[in-house]
Amino acid sequence: MFKDKKVVFSGVQPSGMLTLGNYLGAIKNFSAFSDEYHCYYCVVDMHAITVRQNPAELRRRTYDTLALYMACGLDPEKNVLFVQSHVPAHAELGWILDCYTMFGELSRMTQFKDKSAKNADNINAGLFTYPSLMAADILLYQTEMVPVGNDQKQHLELARDIANRFNGVYGDTFVVPDPYIAKTSARIMSLAEPTKKMSKSDENENAVIRILDDKDTVIRKFKRAVTDSGCEVCRGEGKEGIENLMSIYSAVTGKSFEDIEAEFAGRGYGDFKLAVGETVADSLAGVRSEFARLSADKKYLEDVMAEGAGEAARAAQRTMSKVRRKLGFIEPKRG
Ligand code: ATP
Ligand code: LTN
């Protein structure tokens, strides 16, 4: 059904309830590609287990993440929506690409450094080789473009290097992917520590807006957001907190920073925080009600993931056959 279209691929880990950062930085942008591109959007459960997960929660969040994809506007008729572990070729190509990824390259990944500092008792090999599995996700589908937040730029550059290295040794095998990083919302910061990115696995609930938070909760969290001791809504040295709120407001309303400064001139932080809270809560209301409807129908979610996995597996096999041939593996006889 998607013949001749260029491919878009992206993934989100079912490692926690999704945040406003995941929404504005990534998922909200996904549906814009659905008409022009052949889009694969994956729930990357294999990446999630690089950090210890509770099995019941992981299972529930995998359903929830798929339901949220759809609640955010991804139509399963127009996009291939699936779960990573349902397509074993991801693990297969992941291993192969491990053999074309250098120890030094993986050691330089800032996400590895951050996550190993946070999980000092569980610095496992999967956490280290996470980027080669991510490269496999992308390269399996001959992806041209990968919409992600700014924090994934380094992983994308590594995926490009791996693709170029493999192509250099064996001749053209993989399309070399480009990142697509939205301008205003590429990096939404924590509401409690505005120099740190908003992360779904943050333990401080006041630091993160969850896509499914109700209106009162959203407004309360914005009211508590850490700002500086000034009162002017503008950017500047030491004003990371206000700048973050301005980016969020801009991403949701489409207004420029100059318009926002003019709108709130002389009105103080209290007014501004309330406006941001109300605008964000209202913009998420539709997603929340769609999610409630979709997540109640597990059978439907299972049908969507089965359909998506079937289609993804067929596309992945085309790349795997090519990779096996190039490497010198014997193609197994089917049937
Ligand atoms: P975790 O806390 O488990 O590492 P995460 O919140 O960083 O999770 P991911 O599943 O790793 O979320 O990321 C999903 C997508 O959301 C990625 O494209 C990522 O770049 C984007 N993203 C995550 N956090 C932010 C943020 N604060 N601002 C903008 N984009 C973000
Ligand atoms: N590493 C990504 C999640 C991810 C991904 C991908 C994103 C796994 N595989 C492929 C884009 C393309 C993250 O968000 N932390």
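This text follows the structure it describes.
Residues numbered from 1 in each chain as written. Chains lettered and ligands numbered in written order. Predicted model: local features only at pLDDT ≥ 70, side-chain atom pairs only at ≥ 80, totals over all residues. Heavy atoms only, no water.

Enquirer: Go over the environment of serine 229 with me, naming the residues and quoting the values.
Expert: Structurally, the position occupied by serine 229 is in the loop between helix H9 (215-224) and helix H10 (240-253). Distance from serine 229 to tyrosine 269, taken between C-alpha atoms, is 9.7 Å for residues 40 residues apart in sequence. (Helix = DSSP H or I, 4+ residues; strand = E, 2+ residues; numbered from the N terminus.)

Enquirer: Residue-level account of the site of ligand 1, with values.
Expert: Around ligand 1, 21 residues are found, and the nearest of them are Lys115, Asp151, Lys197, Ser199 and Lys200. For ligand 1, an oxygen atom lies 2.4 Å from a polar atom in the side chain of serine 199. With the chains in place, 97% of the 610 Å² that ligand 1 exposes on its own is no longer accessible. If one sorts the elements of the shell around ligand 1 by residue count, helix H1 (residues 20-30) sits on top with four residues. (Near = heavy atom within 4 Å. Polar contact = N/O pair within 3.5 Å; in protein donor to acceptor, adjacent residues only side chain to side chain. Areas by Shrake-Rupley, 256 points an atom, 1.4 Å probe, with all protein chains shown as cover.)

Enquirer: Can you lay out the nonpolar core for me, pointing to particular residues and giving the numbers?
Expert: What tends to happen in soluble globular proteins is that the nonpolar side chains get buried as a cluster. Within the largest apolar cluster, 58 residues are counted, with the highest numbers of intra-cluster contacts made by Leu20, Tyr41, Tyr69, Phe222 and Phe272. For this core, the element with the most residues is helix H12 (residues 268-295), which contributes ten residues. Discounting residues that sit within four places of it in the chain, phenylalanine 272 has contacts with Val233, Ile242, Leu245, Met246, Tyr249, Ile260 and Phe264. Judged by nonpolar contacts, the second largest core, of 41 residues, contains Phe112, Phe166, Phe174 and Met320. (Core = buried A, V, L, I, M, F, W, Y, C linked by side-chain atoms within 4.5 Å. Buried < 20%, exposed > 50% of the residue type's maximum accessible area, 1.4 Å probe, protein only. Contact = heavy atoms within 4.5 Å.)

Enquirer: Can you lay out the site of ligand 2 for me, pointing to particular residues and giving the numbers?
Expert: Around ligand 2 lies a shell of 14 residues, among which His47, Tyr130, Met134, Asp137 and Gln152 are the nearest. A distance of 2.7 Å is found between a nitrogen atom of ligand 2 and a side-chain nitrogen or oxygen belonging to aspartate 137. Interatomic distance of 2.9 Å between a side-chain N/O atom of glutamine 152 and a nitrogen atom of ligand 2. Within the complex, 92% of the 360 Å² of free accessible area of ligand 2 lies under protein. Elements supplying a minimum of two residues to the shell around ligand 2: strand S1 (7-12) and helix H7 (125-139). When the residues that make up the shell around ligand 2 are grouped by side-chain class, the tally is seven nonpolar, six polar and one charged. (Nonpolar A, V, L, I, M, F, W, Y, C, P; charged D, E, K, R; others polar.)

Enquirer: Talk me through the packing of aromatic side chains; I want residue IDs and the actual numbers.
Expert: Applying the stated rule across the entire model yields 18 aromatic pairs. Where phenylalanine 33 meets tyrosine 37, the ring centres are 5.7 Å apart and the plane angle is 75 degrees; that geometry is what we call edge-to-face. For phenylalanine 33, a relative accessible area of 7% puts it in the buried group. Classification of tyrosine 37 as buried rests on a relative accessible area of 17%. For the ring pair tyrosine 100 and tyrosine 170, a centre distance of 6.0 Å and an interplane angle of 70 degrees mean the geometry is edge-to-face. Placement of the pair is tyrosine 100 in the loop between helix H4 (89-98) and helix H5 (103-107) and tyrosine 170 in helix H8 (residues 153-170), with a sequence separation of 70 residues. Owing to a relative accessible area of 16%, tyrosine 100 belongs among the buried residues under this scheme. Among the aromatic residues, those joined into a ring-pair cluster are Phe9, Tyr40, Phe82 and Tyr141. The side chain of arginine 235 reaches across the aromatic face of phenylalanine 257, ending 4.1 Å from its centre. (Phe/Tyr/Trp six-rings, centres within 6.5 Å; stacked < 30°, edge-to-face > 60°. Lys NZ or Arg CZ within 6 Å of the ring centre and 35° of its normal.)

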